[in-house]
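Observations on the three-dimensional arrangement
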Number of protein chains: 2
Amino acid sequence: MGQAIRIGIAGHGNLGRGVEAAIARNPDMELVGIYTRRPPEQVQPVTAGAAVFGMDALAQHADRIDVLILCGGSKEDLPQQGPELAALFNTVDSFDTHARIPEYFAAVDAPARANGKTALISAGWDPGMFSINRVIGEALLPEGATYTFWGKGLSQGHSDAIRRVPGVAGGVQYTLPVEEAVERVRSGERPELTTREKHRRDCYVVLKEGADAEAVREAIVTMPHYFDEYDTTVNFISAEELRRDHAAMPHGGFVIRSGNTSVENAQVIEYGLKLGSNPEFTSSVLVAYARAVHRMHQQGDVGAKTVFDVAPGLLSPKSAEQLRAEQL
Amino acid sequence: MGQAIRIGIAGHGNLGRGVEAAIARNPDMELVGIYTRRPPEQVQPVTAGAAVFGMDALAQHADRIDVLILCGGSKEDLPQQGPELAALFNTVDSFDTHARIPEYFAAVDAPARANGKTALISAGWDPGMFSINRVIGEALLPEGATYTFWGKGLSQGHSDAIRRVPGVAGGVQYTLPVEEAVERVRSGERPELTTREKHRRDCYVVLKEGADAEAVREAIVTMPHYFDEYDTTVNFISAEELRRDHAAMPHGGFVIRSGNTSVENAQVIEYGLKLGSNPEFTSSVLVAYARAVHRMHQQGDVGAKTVFDVAPGLLSPKSAEQLRAEQL
């Protein structure tokens, strides 16, 4: 197998912990260290014996790390860290603000190119695996329509929005695909679907003492952008139930491409994910792409990259020969 | 968009006709000609005005064709044509004898490399799209199990086997996944499944006059390799029913990767196809890979390739910038 790929983790929230768990499942990789903005002694690694350093130690560790996986958030962390760290390291991140991807790509590409580094942005499942399936689906069936459905899954942004409503002590929000719409699309029909027809939203809310349940419900279901265009259900639960029943972070969804290859013949391609843990799955994607980034860098392929630029075989620890013999 | 990609089609069976239909749906491609071993005047193109030539005209047309799509069969045609034509053209084929892929790859790689050509072998859906999903699934979830189910679909090999049984005038065979097994795998369970537990086989048979139905049924269900390891149903129908109800060539199936990213969290990835026409879908895959082959050749990436070597973005007519802005 040769030398293990040496991985650094920048940031130790849910994603960073998921990357640790994934490295432990990939014998061709080794964890060099976890880099954090918190005081290192406050960070509890998942992996026994893992080294924890301050973020400022990174620059001195440049020759110990083959690929640095950036586990910060897309809002605050990555817009600054991505370009800075791509000047020093091969990197992988999960930048997921779809509308700002071209801008972020350019900001990472320049320093990566200038310093001969390979920096893969926006890996994960959406953007990521779902994006690949949108592109391949359209390429295989140019005459057709693409549908993306999300859920059932916990939405962090919508859960945060609920918690900002006056009278709410805590809560979570699940996005669910509307089953009838999914079935129509799966059957080969190509309906035009409104936002309301594609997804619905289920909220589980803990009220503050003395709060007016009906006022809270009304504030949630009419909230612009977040809920007003959806059929939203609000369920009131106890703090105990919230802790006990809603601590997991499941998610998933489907990308369906439905098209015709001739007047007579319809074809349907479906890619689906059922994720017990959204952050752990995203982390697993980041780690597989770290392998690809390491190889692309060794081949001299530098600059910013996306999942669209990565050949599938580069994600596997197996050699091209082995893949052809065993998995083609 | 620049110059259209100039495509030649070698062989005009179901696959070749499907390639014609697919080219008509891809505005960045143009059909140079159909090359056939039959007398050209006996070939009816799908596309009005398409040029038909004898196979022996190919060598003189080398500078008119960017990519030649080989539409012959894996048993007789490709083992000879693949290596021969990869010396003269960039090629794409659907070689699907899984066990002989390494040998075929080597036989195509040498002449392609020697002549600076790019030759992609074994494109389609299995091998092809299913293979990609087996490799990516395993790379993302290294701790887990992969399942491939086929069907509901018409199996050419098994239909041929039925038609060789004495007393049979005609017939078709459908492979079906066992729904209970699929549901167990989808649920995240990782069962060990026998051949019989994964698929069943349905046959529709037209008897010759005076043939003994029970003897025919017995000969089919006990046929070694083809049927004896499966639960097989034999339905007797009229020649008229065979023509009317069983002329289509549907197929499909699923690749499911089920794995854990931590002790607590299970994840399930599923890729599924529901194909109205198996050959037309395979042809659409060949045409998308012809685009990728053209680009890889322009980049100097020569020799034999498989779907594992092709970055998803190369399959799309859109530019990398456009894909990042619109589909990531």
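Predicted model only: the values in this text are computed from it and were never measured.

1. Digging into the packing of helix H1 (residues 14-23) of chain A against helix H10 (residues 278-298) of chain A
All names here are of chain A.
- Their axes nearest at 8 Å, the elements H1 and H10 cross at an angle of 60°. Classified by the angle their axes make, H1 and H10 are oblique. Considering how the two elements wind past one another, H1 and H10 form a crossing that is right-handed. Across the interface between the two elements, Asn14, Leu15, Gly18, Val19, Ala22 and Ile23 from H1 touch Pro279, Glu280, Thr282, Ser283, Ser284, Leu286 and Val287 from H10.

2. Things to note about the UniProt feature "domain: Meso-diaminopimelate D-dehydrogenase C-terminal" (unreviewed entry) in chain A
- As recorded in UniProt, the feature "domain: Meso-diaminopimelate D-dehydrogenase C-terminal" (unreviewed entry) lies at residues 124-277 of chain A.
- Span residues 124-277 of chain A is 31% helix and 35% strand, its end C-alpha atoms 13 Å apart.

3. Considerations on the pairing of strand S9 (residues 168-177) of chain A
All names here are of chain A.
- When you tally the buried positions in S9, you get nine out of ten residues, the bulk of the element.
- Where strand S8 (residues 153-154) and S9 come together, two bridges link them in antiparallel fashion. Bridge pairing in S9 links leucine 154 to tyrosine 174.
- Bridge count for S9 against strand S10 (residues 199-207) is nine bridges, and the pairing is antiparallel. Looking across to S10, one finds that glycine 171 is bridged to valine 205.

4. What to know about the pattern of salt bridges
- Applying the stated rule across the entire model yields 42 salt bridges over all chains.
- Measuring nitrogen to oxygen at the nearest pair gives 2.8 Å for the salt bridge that ties aspartate 126 of chain B to arginine 134 of chain B. Note on accessibility: aspartate 126 of chain B and arginine 134 of chain B belong to one class, buried.
- The partner of glutamate 214 of chain B in a salt bridge is arginine 217 of chain B, and the shortest N-O contact between them spans 3.4 Å. Of this pair, glutamate 214 of chain B and arginine 217 of chain B are both found in helix H8 (residues 213-221), three residues apart, which corresponds to roughly one turn of the helix.
- Exposure remark for arginine 217 of chain B: the relative accessible area of 27% places this residue in the partly exposed category.
- Connected via shared salt-bridge partners are Glu138 of chain A together with Lys318 and Glu326 of chain B.

5. Digging into the packing of aromatic side chains
Residues and elements named next belong to chain B.
- In the structure shown here, the tally under the stated rule is ten aromatic pairs over all chains.
- Ring geometry for phenylalanine 95 and tyrosine 104: centres 4.1 Å apart, planes at 15°, overall stacked. The same class applies to phenylalanine 95 as to tyrosine 104, namely buried.
- Its guanidinium or amino end placed over the ring of phenylalanine 254, arginine 186 lies 4.8 Å from that ring's centre, counting from NZ or CZ.

6. Thoughts on the nonpolar core
- With 141 residues, the main nonpolar core has Tyr289 of chain A together with Tyr289 of chain B as its most contacted residues.
- Filtering out sequence-adjacent residues up to four positions away, tyrosine 289 of chain B remains in contact with Val92, Leu120, Ala123, Met129, Ile132, Val307, Val310 and Leu315 of chain B.

7. Structural notes on H10 of chain A
Residue and element names in this part refer to chain A.
- If you check H10, its first and last C-alpha atoms are 31 Å apart, about what 21 residues at 1.5 Å a residue would give, namely 30 Å.
- For H10, the buried fraction is high: 18 of the 21 residues fall into the buried class.
- Where H10 begins, one side-chain oxygen reaches toward the backbone nitrogen of glutamate 280, 3.1 Å away; that side chain belongs to serine 277.
- Count one or two residues on from H10 and you reach glycine 300, which has phi positive near 85°.

8. Focus: the relation of the copies chain A and chain B
- Here chain A sits on chain B after a turn of 180° about the axis and a move of 0.0 Å along it, with an RMSD of 0.0 Å. Such a combination of turn and shift is consistent with a two-fold rotation axis. By C-alpha distance to the rotation axis, the residue of chain A lying nearest is alanine 311 of chain A, at 2.0 Å.
- A high fraction, 100%, of the interface residues of chain A reappear at the interface in chain B, so the copies pair face to face through one surface.

9. Notes on the domain arrangement of chain A
- Each assigned domain of chain A is listed here: domain 1 (5-126 + 279-327) and domain 2 (153-249).
- Centre-to-centre, using C-alpha coordinates, domain 1 of chain A lies 32 Å away from domain 2 of chain A.

10. Overview of helix H6 (residues 179-186) of chain B
- Three or more residues of H6 of chain B are buried, namely Ala181, Val182, Val185 and Arg186 of chain B. Around the axis of H6 of chain B, the buried residues are gathered within 135° of arc, so they sit on the same side.
- Against the buried residues of H6 of chain B lie strand S13 (266-275) of chain A together with strand S7 (144-150), strand S9 (168-177), helix H7 (195-198), strand S12 (251-260) and strand S13 (266-275) of chain B.
- Looking one or two residues past H6 of chain B, glycine 188 of chain B carries a phi angle of roughly 105°, positive in sign.

Cut-offs and rules
Residues numbered from 1 in each chain as written. Chains lettered and ligands numbered in written order. Predicted model: local features only at pLDDT ≥ 70, side-chain atom pairs only at ≥ 80, totals over all residues. Heavy atoms only, no water. Axes fitted to C-alpha atoms, helices over the stretch in contact; angles between N-to-C directions. Helix = DSSP H or I, 4+ residues; strand = E, 2+ residues; numbered from the N terminus. Parallel < 35°, antiparallel > 145°, perpendicular 65-115°, else oblique. Left-handed = near helix turned anticlockwise from the far one by under 90°. Contact = heavy atoms within 4.5 Å. UniProt positions renumbered as here; feature names shortened; annotations may be inferred. Buried < 20%, exposed > 50% of the residue type's maximum accessible area, 1.4 Å probe, protein only. Pairing = 2+ DSSP bridges. Salt bridge = Lys/Arg side-chain N within 4 Å of Asp/Glu carboxyl O. Phe/Tyr/Trp six-rings, centres within 6.5 Å; stacked < 30°, edge-to-face > 60°. Lys NZ or Arg CZ within 6 Å of the ring centre and 35° of its normal. Core = buried A, V, L, I, M, F, W, Y, C linked by side-chain atoms within 4.5 Å. Expected span 1.5 Å × (residues − 1). Polar contact = N/O pair within 3.5 Å; in protein donor to acceptor, adjacent residues only side chain to side chain. Least-squares fit on C-alpha atoms with pLDDT ≥ 70 in both. Domains from an automatic or database assignment. Arc of directions from axis to C-beta.

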